[in-house]
2 protein chains.
Amino acid sequence: MRLSRYFLPVLKETPAEAQIASHRLMLRAGMVRQQSAGIYSWLPLGLKVLRNVERIVHEEQQRAGHIPLLMPTLQSADLWKESGRYDAYGEELLRLTDRHGRDMLYSPTAEELFTDVFRSYVKSYKDLPLTLYQIQWKFRDEIRPRFGVMRGREFLMKDGYTFDLTKEDALHAYNRHLVTYLRTYERMGLQAIPMRADSGPIGGDDTHEFLVLADTGESEVFYDSEITDLSFGDREIDYDSVEQCQAVLEEFTSRYARTDETHDAALFEQVPEARRRVARGIEVGQIFYFGTKYSEAMGATVQGPDGKPVPVHMGSHGIGVSRLVGALIEANHDDRGIIWPEGVTPFHVGIVNLKQGDAEADAACDSLYASFAALGLDPLYDDTSERAGGKFATMDLIGLPWRVTVGPRGLKNGVVEVTSRRTGESEEMTPEMAVEKIAGIYAGR
Amino acid sequence: MRLSRYFLPVLKETPAEAQIASHRLMLRAGMVRQQSAGIYSWLPLGLKVLRNVERIVHEEQQRAGHIPLLMPTLQSADLWKESGRYDAYGEELLRLTDRHGRDMLYSPTAEELFTDVFRSYVKSYKDLPLTLYQIQWKFRDEIRPRFGVMRGREFLMKDGYTFDLTKEDALHAYNRHLVTYLRTYERMGLQAIPMRADSGPIGGDDTHEFLVLADTGESEVFYDSEITDLSFGDREIDYDSVEQCQAVLEEFTSRYARTDETHDAALFEQVPEARRRVARGIEVGQIFYFGTKYSEAMGATVQGPDGKPVPVHMGSHGIGVSRLVGALIEANHDDRGIIWPEGVTPFHVGIVNLKQGDAEADAACDSLYASFAALGLDPLYDDTSERAGGKFATMDLIGLPWRVTVGPRGLKNGVVEVTSRRTGESEEMTPEMAVEKIAGIYAGR
């Protein structure tokens, strides 16, 4: 994309209403615009990151055999009356009435809808196990929306639902989700720690939250520092293997790691003092096993092996997709702006032309642009007449991991400059080597 | 995807509530489920087609330099009060109130939001031209939703907005959109004819609707039969060229083609009688130029070349993305089911194993599956124990364009059978040739 033809409304000033770095930077970098309290437009740059996050979530879910579908945002209140949540949910549930006076609501989560789809079509234990999920907009009418997209009212969430014949099968589905979530966050360049959680209004026996450590996190967290040394890495996993998924669960949850909601001071004391950490974290996902709570309330049964009806064991598993964009920035920024991990960056590389209008510089930039595009990379070329300082400031603000700077002086020596946003280190090399180096970094992503 | 691990709830019976073929077939093929009047869940197979349609729309918009962003579904009523549409829109506008008692609405279209984003950031004529668009869920509270996703209440729409300094520039943007729309529909295997339209409540001077001819269309259409001989084909076009876009507009709109709303019997009489056609059509898109209606009402001005503020000339341009899935089926089905065009098919090819459990047949199917996947194709392998007749009926119903049938008898002779869903013709060949043939059909898509 050429910046002169793009829509990137960066702000010079820091918006007064933004209290945390990610909110501030998303506004300044022209990623979002608040339309009303807790409701945002995703401007072009922000939408690109959101779509990258969404894509990674989809890929990791489908790698595990989970099947995407899409529920409507609005739905009849009937199903919620059936489950008992219509009255129980409280004021965060946005209730409305259509022109015929029918009670409707904007889905804040979708246990009821998925259970309804399940019970409508699945009749036999032979069709289990089944995991269905969606990535869809949700609405929760927060009383005090804040922190930008981190706690918005309209937000994008991945919510997955597992249907199994037995508790054991359901716990395998739970473990499988834990594995997919670890992979998902790592691919985005985030370390998210599974912590024992409180089940809250959804109800449930087993539940873990995934937290990204960040000073601005809303939860206080307590953990054994050994846990931050763990990484999933590029290990292969067979998602059908109960043992393999169970082993990952044990590896990642055996050390002490809890939020203030489930914190147990006495247990924490047993962690060697040097490894005890108290910090803050942002919740970016949660997995639940809740047994037959919804299947019994809503009659979601299958015919078991003995011919008798059995209510299915269920779980629900969420990732805050739009919230992750904020969490990624909280974990990856400095005082000049955002520093995108390669896995989610809106453009792979920025090209800065130091002397727009200089025939040689323009030609070198055009050639770099074409070379990146030919390799399937998406460059952002600042082809405006802005001064060099302004171009660098914008590139630093929007946080592309790699920048190639092109100017007449370097070109005289046959070189351009390649700069890492994260380290700030620059290196001179030929344009061909710059393309090769950056393509190599993204190879296989 | 292996069918045994997929969620494809096909129905044996024809649902009584469905009046038209596409609605009937989408229910029977397990593509959608009605959750309440005019509100659908998109089941896995339906979602795949919806995403394919969406992808083609995105690609053709971005090819023309149009820039995607994403607006929230819910918004404050304030902007609509400013434009004057809050009261004017009527009961199709879903109005609601949040927990603080603020008036909100579910966006049925987004002229106000885009105009607001524009006026907030764009200050100079130098930033024009600009085309911003989104593909987002909309809601219109139709009094009598019907025909499945063709006239639903919650629906997915692409809506694009053009901002230009002059009427001439805005008309170029209009023409450019006409070209992108012709390409978009053709890539999906649809012929959509631009017809002079009525501007309706959005208001506007120039507007064309795109109609797909189908007996079940809701509009009566009148046209010169020569128009159906036109096709955009694979011609190259420079979207910056006023002349090239204008020439396409003239080519595709110079012949008589109108809906009943704009029909002019006297003009129609001038078409040679042998070429006069009266038929029915489904509206799948519309382009509008409406001048400064919103920019004046909402203060969307830029500083012109002379330093004075100028209200921008605007247009809005829509494609009914979810509706297109229905229109595609109306135009592509027979009495056995759907016949997907290659451009939008949910799976590229079906593999039918005639004797599941036979070691040789299973191995041949696994090998075909792996070969297709290695070439980037997405096969659906019916690996269930259903009888051959049932497998064929399902494949015909869900409409994959190509089927490879594998059985012990053929394998003895080293062959499998490749069948075209559209023509019904079958051909025997080696598995390797089958892969090559089908990969060739999809090459370059």
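A quick note: this is a predicted structure, and the numbers were derived from the prediction, not measured.

Rules of the game
- Residues numbered from 1 in each chain as written.
- Chains lettered and ligands numbered in written order.
- Predicted model: local features only at pLDDT ≥ 70, side-chain atom pairs only at ≥ 80, totals over all residues.
- Heavy atoms only, no water.
- Helix = DSSP H or I, 4+ residues; strand = E, 2+ residues; numbered from the N terminus.
- Rg over C-alpha atoms; globule rule 2.2 N^0.38 Å.
- Buried < 20%, exposed > 50% of the residue type's maximum accessible area, 1.4 Å probe, protein only.
- Contact = heavy atoms within 4.5 Å.
- Areas by Shrake-Rupley, 256 points an atom, 1.4 Å probe, with all protein chains shown as cover.
- Pairing = 2+ DSSP bridges.
- Axes fitted to C-alpha atoms, helices over the stretch in contact; angles between N-to-C directions.
- Buried area = accessible area lost by both parts, 1.4 Å probe.
- Salt bridge = Lys/Arg side-chain N within 4 Å of Asp/Glu carboxyl O.
- Polar contact = N/O pair within 3.5 Å; in protein donor to acceptor, adjacent residues only side chain to side chain.
- Domains from an automatic or database assignment.
- Nonpolar A, V, L, I, M, F, W, Y, C, P; charged D, E, K, R; others polar.
- Least-squares fit on C-alpha atoms with pLDDT ≥ 70 in both.
- Phe/Tyr/Trp six-rings, centres within 6.5 Å; stacked < 30°, edge-to-face > 60°.
- Lys NZ or Arg CZ within 6 Å of the ring centre and 35° of its normal.
- Patch = residues over 30% accessible without salt bridge, like charges linked within 9 Å, V, L, I, M, F, W, Y side chains within 5 Å.
- Lys, Arg positive; Asp, Glu negative; His and termini not counted.
- Charge placed at Lys NZ, Arg CZ, Asp CG, Glu CD.
- Parallel < 35°, antiparallel > 145°, perpendicular 65-115°, else oblique.
- Left-handed = near helix turned anticlockwise from the far one by under 90°.
- Expected span 1.5 Å × (residues − 1).
- Arc of directions from axis to C-beta.

Another point: the overall build of chain A. Secondary structure summary: chain A contains 14 helices and 23 strands in total. Whereas a compact globule of 445 residues would reach a radius of gyration of roughly 22 Å, chain A reaches 24 Å, a difference of no more than 12%. Principal-axis analysis of the C-alpha atoms places the extent of chain A at approximately 80 × 60 × 40 Å. For chain A, the proportion of its 445 residues judged to be buried stands at 60%. For chain A, the share of sequence-separated contacts (at least 6 apart) that also reach a separation of at least 24 residues comes to 71%. Surface exposure of chain A reaches about 17,400 Å², of which carbon and sulfur atoms provide 45%.

All names here are of chain A. Taken together, the five strands give an open sheet; going across it, the order is E20-E19-E21-E22-E23, and neighbouring strands pair in mixed fashion. A strand with exactly one partner marks an edge of an open sheet, and here the two such strands are strand E20 (379–382) and strand E23 (426–429). Within the sheet, the average angular offset between the axes of one strand and its neighbour, ignoring direction, is 20°. Pairing between strand E21 (residues 402–406) and strand E22 (residues 416–420): four bridges, direction antiparallel. Along E22, the bridge assignment pairs arginine 403 with threonine 419.

It is common to give the size of an interface as the accessible area that goes away when the parts come together. With 56 residues of chain A in contact, the opposing surface of chain B contributes 56 residues. Regarding the contact of chain A and chain B, the summed buried area is about 4,800 Å², with carbon and sulfur atoms giving 60% of it. Summed over the shared surface of chain A and chain B, the number is eight salt bridges. Where glutamate 91 of chain A meets arginine 99 of chain B, a salt bridge forms, and the shortest distance between an N and an O atom there is 3.7 Å. For the interface between chain A and chain B, the tally reads 22 residue pairs in polar contact (both at pLDDT 80 or more).

Moving on, we get to the domain arrangement of chain A. All names here are of chain A. By the assigned domains, chain A splits into domain 1 (12–338) and domain 2 (349–442). Distance between the C-alpha centres of domain 1 and domain 2: 38 Å. Each partner contributes to the interface: domain 1 provides 10 residues, whereas domain 2 provides seven residues. For the pair domain 1 and domain 2, the summed buried area comes to about 820 Å², and 41% of that belongs to carbon and sulfur atoms. At the surface where domain 1 touches domain 2, the tally comes to three salt bridges. Note that aspartate 396 is salt-bridged to arginine 336, the shortest N-O span being 2.6 Å. For the pair domain 1 and domain 2, the interface holds seven residue pairs in polar contact (both at pLDDT 80 or more). When contributions to the side of domain 1 that touches domain 2 are tallied by element, the ones reaching two or more residues are helix H1 (21–28), helix H2 (44–63) and strand E18 (337–338). A breakdown of the residues in the side of domain 1 that touches domain 2 according to their chemical character gives four nonpolar, two polar and four charged.

Right, let's talk about the pairing of strand E16 (residues 313–320) of chain A for a bit. Of all the eight residues making up E16 of chain A, eight are buried; the element is thus mostly covered by neighbouring parts of the structure. Here E16 of chain A shows a buried face lined by His313, Gly315, His317 and Ile319 of chain A and a second buried face lined by Met314, Ser316, Gly318 and Gly320 of chain A.

Time to look at the sheet that holds strand E21 (residues 402–406) of chain B. Residue and element names in this part refer to chain B. Spatial ordering of the open sheet is given by E20-E19-E21-E22-E23, a layout of five strands whose pairing is mixed. With partners counted over all chains shown, the strands left at the sheet margins are strand E20 (379–382) and strand E23 (426–429), one partner each. On average, each strand axis in the sheet is tilted by 20° relative to the strand beside it, whichever way the strands run. Inspection of the sheet shows strand E19 (residues 349–353) paired to E21 by four bridges, in the parallel sense. Note that in E21 the partner of isoleucine 351 across the bridge is valine 404. Its contacts with the sheet place helix H12 (residues 388–398) against E19, E20 and E21, and it is angled at close to 170° to E19.

All names here are of chain A. Position of methionine 1 among the secondary structure elements: in the segment before H1. Methionine 1 gets classed as partly exposed once you look at its relative accessible area, which sits at 26%. On a C-alpha basis, the gap between methionine 1 and phenylalanine 347 in space is 8.7 Å, while along the polypeptide they are 346 residues apart. Apart from residues no more than four positions distant in its own chain, methionine 1 is found in contact with Tyr6, Phe347, Tyr369, Asp378, Pro379, Leu380 and Tyr381.

For the rest of this paragraph, the subject is the side chain of serine 22 of chain B. All names here are of chain B. Mapped onto the secondary structure, serine 22 falls in helix H1 (residues 21–28). Side chain to side chain, serine 22 and glutamate 330 meet in a polar contact 2.7 Å long. Once residues lying within four places of it in the same chain are set aside, the contact partners of serine 22 are Met150, Gly326, Ile329 and Glu330.

Moving on: the pairing of strand E2 (residues 39–42) of chain B. Residues and elements named next belong to chain B. Of the two faces of E2, the one carrying Ile39 and Ser41 and the one carrying Tyr40 and Trp42 are both buried. With four bridges joining them, strand E1 (residues 32–36) and E2 adopt antiparallel strand pairing. Residue arginine 33 lies in a different strand from E2, and its bridge partner there is serine 41.

A separate point is the relation of the copies chain A and chain B. With an axial shift of 0.0 Å and an RMSD of 0.0 Å, the rotation relating chain A to chain B amounts to 180°. Both chain copies can therefore be described as sitting about a two-fold axis. Scanning chain A for the C-alpha nearest the rotation axis identifies leucine 96 of chain A, at a separation of 2.9 Å. The overlap is high: 100% of the interface residues of chain A also sit at the interface in chain B, so the same surface is used on both sides.

Here we take up the pattern of salt bridges. All names here are of chain A. What the rule picks out here adds up to 67 salt bridges over all chains. Notably, a salt bridge pairs arginine 187 with glutamate 59, separated by 2.8 Å at the nearest N-O pair. Of the two residues, arginine 187 sits in helix H6 (residues 167–187) while glutamate 59 sits in helix H2, which places them 128 residues apart along the sequence. When its relative accessible area of 25% is taken as the criterion, arginine 187 is described as partly exposed. A salt bridge links glutamate 60 to arginine 187, with the shortest nitrogen-to-oxygen separation between them at 2.9 Å. Of this pair, glutamate 60 sits in helix H2 while arginine 187 sits in helix H6; the two residues are 127 residues apart in sequence, bridging distant segments of the chain.

In the structure shown here, the tally under the stated rule is 27 aromatic pairs over all chains. Arranged with centres 6.3 Å apart and planes meeting at 50°, the rings of tyrosine 369 of chain A and tyrosine 381 of chain A form a pair that is tilted. Residue tyrosine 369 of chain A is located in helix H11 (residues 359–374), and its partner tyrosine 381 of chain A is located in strand E20; the two are separated by 12 residues in the primary sequence. The burial state of tyrosine 369 of chain A is the same as that of tyrosine 381 of chain A; both residues are buried. An aromatic cluster is built from Tyr106 and Phe139 of chain A together with Tyr106 and Phe139 of chain B, whose rings are joined through pairwise contacts. Geometry around tyrosine 86 of chain A places arginine 95 of chain A over its ring, the cationic atom sitting 5.0 Å from the centre.

A contiguous patch of negative charge, built from Asp198, Glu220, Asp260 and Glu261 of chain B, is present on the exposed surface. Tracing the chain through its elements places aspartate 260 of chain B in the loop between strand E12 (257–259) and helix H8 (265–269).

All names here are of chain A. Running from N to C, H2 and helix H10 (residues 321–331) cross one another at 115°; their axes reach a closest spacing of 9 Å. Classified by the angle their axes make, H2 and H10 are roughly perpendicular. Both H2 and H10 take part in a crossing whose hand is right-handed. For the pair formed by H2 and H10, the contact residues are Val49, Leu50, Val53, Glu54 and Val57 on the first element and Val321, Ser322, Leu324, Val325 and Leu328 on the second. Counted by class, the contact of H2 with H10 contains eight nonpolar, one polar and one charged residues.

Quick look at helix H6 (residues 167–187) of chain B now. The first and last C-alpha atoms of H6 of chain B sit 30 Å apart over 21 residues, in line with the 30 Å expected at 1.5 Å per residue. Counting buried residues in H6 of chain B gives 15 out of 21 residues, a clear majority hidden from the surface.

All names here are of chain B. With 16 residues, helix H11 (residues 359–374) ought to run about 22 Å at 1.5 Å a step, and its terminal C-alpha atoms sit 22 Å apart, in line with that. Looking only at H11, the buried set comprises Ala361, Asp362, Ala364, Cys365, Leu368, Tyr369 and Phe372. Seen along its axis, H11 keeps its buried residues to an arc of 165°; they face one direction. The exposed set on the far side of H11, more than 90 degrees from its buried face, consists of Ala359 and Ala374. Packing partners of the buried residues in H11 comprise E19, E20, E21, helix H13 (408–412) and helix H14 (431–442). Trailing H11 by a residue or two, glycine 376 shows a phi angle of about 85°, which is positive.

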